[in-house]
Amino acid sequence: MEQLNQNNFKEAIKGDYTLVDFYATWCGPCKMLHPVLEEVEREQSYVSIKQIDVDEASEIAKEYGVMSIPTLVLFKKGEEISRNVGFLGKEQLLSWIGKNK
């Protein structure tokens, strides 16, 4: 998964479907979500999955109103179309992405 930062965030979300995981290295649920995201990324190709550390990019987290982590934000061509806060299992994640396709 590509790690985003202040410099590449806006460009990275311009694709057809981009899922951004707002996380922190110290967050337990974020650590549990990481392998789920990796598995989903391997199994499907229509959504590009990226991560951004809220401690490293607090300005972006603030801009997008991220108050809790993990927060997953789904973008379509740079516009937010859906978000989910908290841990999702693989089937829940695939279902959520599919509903917003």
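The coordinates are above.
Not measured: the values here are computed from a predicted model.

Colleague: In this structure, what is going on with the pattern of salt bridges? I would like to understand it.
Modeller: A side chain with one charge may pair with a side chain of the opposite charge, provided their charged atoms come close. One pass over the structure, following the stated rule, counts 7 salt bridges. Put simply, Glu11 and Lys14 hold a salt bridge, and the shortest N to O gap is 3.3 Å. Looking at Glu11, the relative accessible area reads 56%, which means it is exposed. Close ionic contact of Lys77 with Asp16 constitutes a salt bridge, the shortest N to O distance being 2.6 Å. One end of the pair, Lys77, is in the loop between strand E4 (71-76) and strand E5 (79-85); the other, Asp16, is in the loop between helix H1 (9-12) and strand E2 (18-23), with 61 residues separating them in the sequence. Judged by its relative accessible area of 53%, Lys77 is exposed.

Analysis parameters
Residues numbered from 1 in each chain as written. Predicted model: local features only at pLDDT ≥ 70, side-chain atom pairs only at ≥ 80, totals over all residues. Heavy atoms only, no water. Salt bridge = Lys/Arg side-chain N within 4 Å of Asp/Glu carboxyl O. Buried < 20%, exposed > 50% of the residue type's maximum accessible area, 1.4 Å probe, protein only. Helix = DSSP H or I, 4+ residues; strand = E, 2+ residues; numbered from the N terminus.

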